[in-house]
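Take a look at the letters that make up each chain.
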Amino acid sequence: MNNGERGAAAPRKVLVIGGTLFIGRALVCELVKAGHAVSIVHRKPEHDFGRRVQGIQADRNDVGAMRRILSDGRYDIVFDNVYDWERGTTAGQVEAAARACGGNLERYVFMSSVAAYGDGLNHHEGDALAPDDHPDAYARNKAMTERALFRLHQRIGLPVVTIRPPFIYGPRNPFYREAFFWDRMRDSRPIILPGDGRRLMQFIYIKDLTDALLKAVEEPNAVGHAFNIANPRAITQAEAVQVLADAAGKKPAIVRLPRERIHQMGGHANGTNLYFGMYFDLPPITQIVTKAQRVLGFKPADFLTGLKETYRWYLRHHPRRQIDYSFEDRLLHCLQLQAGAAAGAGAAHS
């Protein structure tokens, strides 16, 4: 397979699998701006990018459909971004797409995740990924897919690059994350901090992630490698709340509650009964980014700077709305009862 020796300015025929939501949308906009011929695979019959982007309606998990789309070998670059959160996207489904790309392919860039490590702190790219029997389907699928793609690189020369971001933030984030905290600050609500607030988090700005994707295509030495793409420093949950508040010019009211108590009362990391944004209160997995800095020239924006840009977008696109705070009110009421009982016990012993 062709590893891509053309100059950085040469236009390519690019396919983006999953091009209408968060990562894909930001990437497509940059690819069009750079003059590439861009096609996107998505489930809907239409898109809003205009005539410069060709839309292909298909289910990414449909192996036959993806083979038909890719088998004529017309694409120089394929960005495989999408993951089916309801059904999962397996290694077999991604491998089938990669095998169908043909001999003209310059890059197959797969969007993996820091979750592929399974657990642990300060991971380098050479660290072992989650095992095939990992209990979390997302971590398992990402890890197994990376292993399958790198086997193809070794066996048939697939020009693969995998990208492992942590929490992605920025305008158009489909997950209720930054907006979760800014909604509460705007409504003068307290922020519930689970536990002691020291659980680590690591972030990457959507614009920095997009830049890294483009550099992975242009850098010949990227082929056959995985890259951690993140802000260099992990921060605590308490620090994250403070920077979110600083970006909005707010002073947050923070209430700490034991994580176990939140879960006992029905708190969830996703869906209903959110208490700290969607999927934001997870066991920490952190990574080292020196390889991306060295090979890709990766230089992410300062977290506060990126959040300030995101907050300006939030103000334009998130008008005040009625939010159901009943679960958080129950948590706060529980805390008040505990504080009252503790005060009463103290008075009884004085």
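Before reading on, note that the structure itself is shown above.
Residues numbered from 1 in each chain as written. Predicted model: local features only at pLDDT ≥ 70, side-chain atom pairs only at ≥ 80, totals over all residues. Heavy atoms only, no water.

Examining the environment of Leu-129
Position of Leu-129 among the secondary structure elements: in the loop between β6 (120-123) and α4 (137-156). With relative accessibility at 16%, the residue Leu-129 sits in the buried group. C-alpha separation for the pair Leu-129 and Leu-200, spaced 71 residues apart in sequence, amounts to 20 Å. With residues up to four places along the chain from it excluded, the contact list for Leu-129 reads Ala-116, Tyr-117, Ala-143, Glu-146, Arg-147 and Arg-164. (Helix = DSSP H or I, 4+ residues; strand = E, 2+ residues; numbered from the N terminus. Buried < 20%, exposed > 50% of the residue type's maximum accessible area, 1.4 Å probe, protein only. Contact = heavy atoms within 4.5 Å.)

Observations concerning the environment of Val-94
Tracing the chain through its elements places Val-94 in helix α3 (residues 91-99). Sequence separation between Val-94 and Ala-148 is 54 residues, and the spatial gap between their C-alpha atoms is 8.6 Å. Once residues within four sequence positions are removed from consideration, Val-94 is found in contact with Arg-60, Asp-80, Thr-89, Tyr-108, Phe-110, Thr-145 and Leu-149.

Some points on the pairing of strand β5 (residues 107-111)
Counting buried residues along β5, five of its five residues qualify, which places the element largely inside the surrounding structure. Along β5, one buried face is formed by Arg-107, Val-109 and Met-111 and the opposite face, lined by Tyr-108 and Phe-110, is buried too. Of the pairings in the sheet, the one linking strand β4 (residues 77-80) to β5 comprises four bridges and is parallel in character. Looking at the pairing, Phe-79 lines up with Val-109 of β5. (Pairing = 2+ DSSP bridges.)

As for the nonpolar core
With 74 residues, the main nonpolar core has Phe-79, Ile-163 and Ile-229 as its most contacted residues. The element that contributes the greatest number of residues to this core is helix α7 (residues 237-248), accounting for seven residues. Leaving out residues up to four positions away in the same chain, Ile-163 has contacts with Val-109, Phe-110, Met-111, Ser-112, Ser-113, Leu-209, Leu-213, Ala-216, Phe-227 and Ile-229. Counting 25 residues, the second largest nonpolar core, distinct from the first, contains Leu-70, Ala-98, Leu-149 and Leu-158. (Core = buried A, V, L, I, M, F, W, Y, C linked by side-chain atoms within 4.5 Å.)

Examining the sheet that holds strand β7 (residues 160-164)
The seven strands lie next to each other as β3-β2-β1-β4-β5-β7-β12, forming an open sheet whose pairing is parallel. A strand with exactly one partner marks an edge of an open sheet, and here the two such strands are β3 (53-57) and β12 (225-228). Within the sheet, the average angular offset between the axes of one strand and its neighbour, ignoring direction, is 20°. Inspection of the sheet shows β5 paired to β7 by four bridges, in the parallel sense. Pairing of Tyr-108 across the sheet is with Val-160, part of β7. Each of β1 (13-17), β2 (37-42), β3, β4 and β5 is contacted by helix α1 (residues 23-33), which is oriented at about 170° to β1, the strand it contacts most. (Axes fitted to C-alpha atoms, helices over the stretch in contact; angles between N-to-C directions.)

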